[in-house]
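Topology and contacts: notes
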Amino acid sequence: MSTPDLSGRHLLLGVTGSIAAYKAASLVRLFTTAGAEVRVLMTESASEFVTPLTLGTLSGGEVLTDVFPENEEGNWTKHVTLGAWADLFVVAPATAQTVAKLAHGFCDSMLTATALSARCPLLVCPAMDREMYRHPTVRDNLERLSEIGYEVMPAERGELASGLVGQGRMPEPEAIRSRVAEQFSESSSPTQHSDPSPGEDTPLSGAAVLVTAGPTREPLDPVRVFTNRSTGTMGYAIAEAAAARGAAVTLVSGPTALDAPAEMEMVQVGTAAEMNEAVQARRDDADYVFAAAAVADYTPTDPSASKRKKEDGDLVLHLRRTPDILKMVGDHRRPDQVLVGFALETEDGLDNARRKLEDKHLDWIVLNNPTETGAGFGPATNRVTLLARDGAMEELPLMQKTELANTLLDRVIRASRSGSPA
Ligand code: CTP
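Analysis parameters
- Residues numbered from 1 in each chain as written.
- Predicted model: local features only at pLDDT ≥ 70, side-chain atom pairs only at ≥ 80, totals over all residues.
- Heavy atoms only, no water.
- Helix = DSSP H or I, 4+ residues; strand = E, 2+ residues; numbered from the N terminus.
- Rg over C-alpha atoms; globule rule 2.2 N^0.38 Å.
- Buried < 20%, exposed > 50% of the residue type's maximum accessible area, 1.4 Å probe, protein only.
- Contact = heavy atoms within 4.5 Å.
- Areas by Shrake-Rupley, 256 points an atom, 1.4 Å probe, with all protein chains shown as cover.
- Domains from an automatic or database assignment.
- Salt bridge = Lys/Arg side-chain N within 4 Å of Asp/Glu carboxyl O.
- Polar contact = N/O pair within 3.5 Å; in protein donor to acceptor, adjacent residues only side chain to side chain.
- Nonpolar A, V, L, I, M, F, W, Y, C, P; charged D, E, K, R; others polar.
- Near = heavy atom within 4 Å.
- Axes fitted to C-alpha atoms, helices over the stretch in contact; angles between N-to-C directions.
- Parallel < 35°, antiparallel > 145°, perpendicular 65-115°, else oblique.
- Pairing = 2+ DSSP bridges.
- Core = buried A, V, L, I, M, F, W, Y, C linked by side-chain atoms within 4.5 Å.
- Phe/Tyr/Trp six-rings, centres within 6.5 Å; stacked < 30°, edge-to-face > 60°.
- Lys NZ or Arg CZ within 6 Å of the ring centre and 35° of its normal.
- Patch = residues over 30% accessible without salt bridge, like charges linked within 9 Å, V, L, I, M, F, W, Y side chains within 5 Å.
- Disulfide = S-S within 2.5 Å.

**A look at the overall build of the protein chain**
Across its full length, the protein chain carries 13 helices and 22 strands. Computed over the C-alpha atoms, the radius of gyration of the protein chain is 24 Å, within 12% of the 22 Å expected from 2.2 N^0.38 for a compact globule of 422 residues. When its C-alpha atoms are laid out on the principal axes, the protein chain stretches across 65 × 65 × 45 Å. Residue burial in the protein chain is summarised as follows: out of 422 residues, 52% are buried. Of the contacts formed within the protein chain by residues at least 6 apart in sequence, a portion of 68% connects residues at least 24 apart. In the form shown here, the protein chain has an accessible surface area of approximately 19900 Å², with 50% of it arising from carbon and sulfur atoms.

**A short note on the domain arrangement of the protein chain**
In terms of domains, the protein chain is made up of domain 1 (10-186) and domain 2 (208-418). Its C-alpha centre places domain 1 at a distance of 35 Å from the equivalent point of domain 2. The interface is formed by nine residues belonging to domain 1 together with ten residues belonging to domain 2. Put simply, domain 1 and domain 2 have zero salt bridges between them. At the junction of domain 1 and domain 2, the tally comes to zero residue pairs in polar contact (both at pLDDT 80 or more). When contributions to the side of domain 1 that touches domain 2 are tallied by element, the ones reaching two or more residues are helix H7 (136-148) and helix H8 (173-186). Looking at the side of domain 1 that touches domain 2, its residues break down into four nonpolar, two polar and three charged.

**Some points on the site of the ligand**
Taken together, 13 residues lie around the ligand, and Ala291, Ala293, Asp297, Pro323 and Leu326 are the ones closest in. Ala293 places a polar main-chain atom, nitrogen or oxygen, 2.7 Å from an oxygen atom of the ligand. Backbone polar atom of Leu326 to an oxygen atom of the ligand: 2.8 Å apart, as the coordinates give it. Protein contacts shield 75% of the accessible area of the ligand, which totals 570 Å² for the unbound molecule.

**Describing the packing of helix H1 (residues 24-33) against helix H2 (residues 52-59)**
Close contact between H1 and H2 brings their axes to 9 Å; oriented N to C, the two are set at 10°. One element, H1, and the other, H2, form an angle in the roughly parallel class. Residue-level inspection shows Ala24, Ala25, Val28, Arg29 and Thr32 of H1 in contact with H2, the latter providing Thr54, Leu55, Leu58 and Ser59. When grouped by side-chain class, the residues that make up the contact of H1 with H2 number five nonpolar, three polar and one charged.

**Considerations on the sheet that holds strand E18 (residues 364-368)**
One open sheet accounts for eight strands, arranged E13-E12-E9-E14-E17-E18-E20-E21; its pairing is mixed. With one partner strand each, in any of the chains shown, strand E13 (265-268) and strand E21 (393-395) form the two edges of the open sheet. Each strand axis lies, on average, 15° off the axis of its neighbour in the sheet, ignoring direction. Pairing of strand E9 (residues 208-213) with strand E12 (residues 248-253) involves six bridges; the strand directions are parallel. Among the inter-strand pairings, Thr212 is bridged to a residue of E12, identified as Val252. Contacts from helix H12 (residues 349-359) reach strand E17 (338-344), E18, strand E20 (384-388) and E21, with the element oriented near 155° to E18. Those strands touched by helix H13 (residues 401-417) are strand E14 (288-291), E17, E18, E20 and E21, and its axis lies near 140° from that of E14.

**Regarding the sheet that holds strand E6 (residues 151-152)**
Strand order in the open sheet formed by six strands is E3-E2-E1-E4-E5-E6, with parallel pairing between adjacent strands. Only two strands of the sheet have a single neighbouring strand rather than two, namely strand E3 (63-64) and E6. Pairing analysis gives four bridges linking strand E1 (residues 10-15) to strand E4 (residues 88-94), with the strands arranged parallel. Opposite Leu11, over in E4, you have Leu88 as the bridge partner. Across the sheet, helix H4 (residues 96-103) is in contact with E4 and strand E5 (122-126); its angle to E4 comes to roughly 140°.

**With respect to the nonpolar core**
Leu204, Val209, Val211, Val249, Tyr288, Phe290 and Trp364 are the most contacted members of the largest nonpolar core, which has 35 residues in total. Secondary-structure elements contributing two or more residues to this core are E9, helix H9 (233-244), E12, E14, E17, E18, E20 and H13. Counting 32 residues, the second largest nonpolar core, distinct from the first, contains Leu27, Ala34, Leu123 and Met153.

**Topic: the packing of aromatic side chains**
Enumeration over the complete set of coordinates arrives at zero aromatic pairs. Sitting over the face of the ring of Tyr133, Arg139 holds its NZ or CZ atom 4.7 Å from the ring centroid.

**Points about a nonpolar patch on the surface**
A contiguous nonpolar patch, built from Phe226, Tyr298, Leu315, Leu317 and Leu319 and spanning about 430 Å² of accessible area, is present on the exposed surface. By secondary structure assignment, the location of Phe226 is in strand E11 (residues 225-226).

**Quick notes on the state of the cysteines**
In this structure the tally under the stated criterion is zero disulfides. Here Cys125 is not cross-linked by a disulfide; its sulfur's nearest cysteine counterpart is in Cys120, at 14 Å. Note on Cys125: relative accessible area 0%, which makes it buried.

**Focus on the pattern of salt bridges**
A complete count under the given rule lists 23 salt bridges for this structure. Measuring nitrogen to oxygen at the nearest pair gives 3.0 Å for the salt bridge that ties Asp363 to Arg389. Pair noted here: Asp363 is in the loop between H12 and E18 and Arg389 is in the loop between E20 and E21, with a separation of 26 residues, a long-range link. Classification of Asp363 as buried rests on a relative accessible area of 1%. Judged by relative accessible area, Arg389 falls into the partly exposed class, the value being 39%. One network of salt bridges, with partners in common, ties together Lys23, Arg169 and Glu172.

Structure, rendered in structure tokens:
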């Protein structure tokens, strides 16, 4: 197997208390010989299987376990610094205990605290006994990790420490290194996660920003609705990032479980028609419009005022088209406005996104595919391709939606100030 090039990459390796922890030493070697800079975080039980001295010597750095290290008064923000430094956080081996903690946001060690602070993707490599790996709670927790946007490398089949044969072995270090290299080759160049102050050179003070977010809910009767799986996370992240840069932000949001962000005008709507009304009333004042909402394309023609009772046989519904909110904004755009749309496509993504960019008279469209791991509605991460009106295209790596919001703002603001692409 040829050595992949990981030079310039910052890797965090989280090691937890499984017998497979002894393989962490080879993993560190494989990463460093491929050119990566490696920092190791261990849980306390991991040191029963491999010593911090071994991993520290191989990685050439200090190995951390506690969030509040003894004798280091005042130095308790390392999890934040490391989370910003890393390009990828690999947890290998990940025990059932650590998988559960990562799935539920525990913050009781340097490893779990750094996972919560990390701005980079996480790759989790579980290792445990067969019955544990099959247990419904472990299955649920692994599922949750995928929903959050972490990548889970499935355990392999083979002989386990207990003597049982089955699925539960950590993948071999070479296989993990290949997955890591693949992850980086899917993104273009070393990412800039360590930028501590996004937006420093692209502030938005004085600008008016209009953001749509979340799903819409189209009523069939007083108790039933048509809706979609949008959580609103992307739109809220854009609104918050724009407000942090000094913009006057209006967030028009469909129903979500998110808290209303502070320091902006918040307009809560239910249906596509309500969202349309709220947006059209404000569109002329906006310098930037980010349409991140997943607007229902159809609504029941004749919603019932009372609860519909079931009847024998099938139900046929008649739905009519909702207004295309963003197209209407594009059709009436001020020449100096900047319009950014989103396209969620499962096939022919580039063609469909370009068509939407043209049809709606946008400056930018953000293309993403909900069937890709870590992308789309549910996860806290997304992987998108940015398409500009002038034909420019940029594939961005998998990143947290909060970081993506800042990256989008940087690109869009810089281009609008340099006169491109509009
Ligand atoms: N949009 C909107 N009003 C609608 C539908 C979509 O403002 N009624 C906006 C979305 O917020 C997003 C972009 O338009 O920015 C999505 O384009 P669209 O063509 O509507 O995508 P889909 O609804 O996914 O369309 P299709 O089913 O054709 O893929």
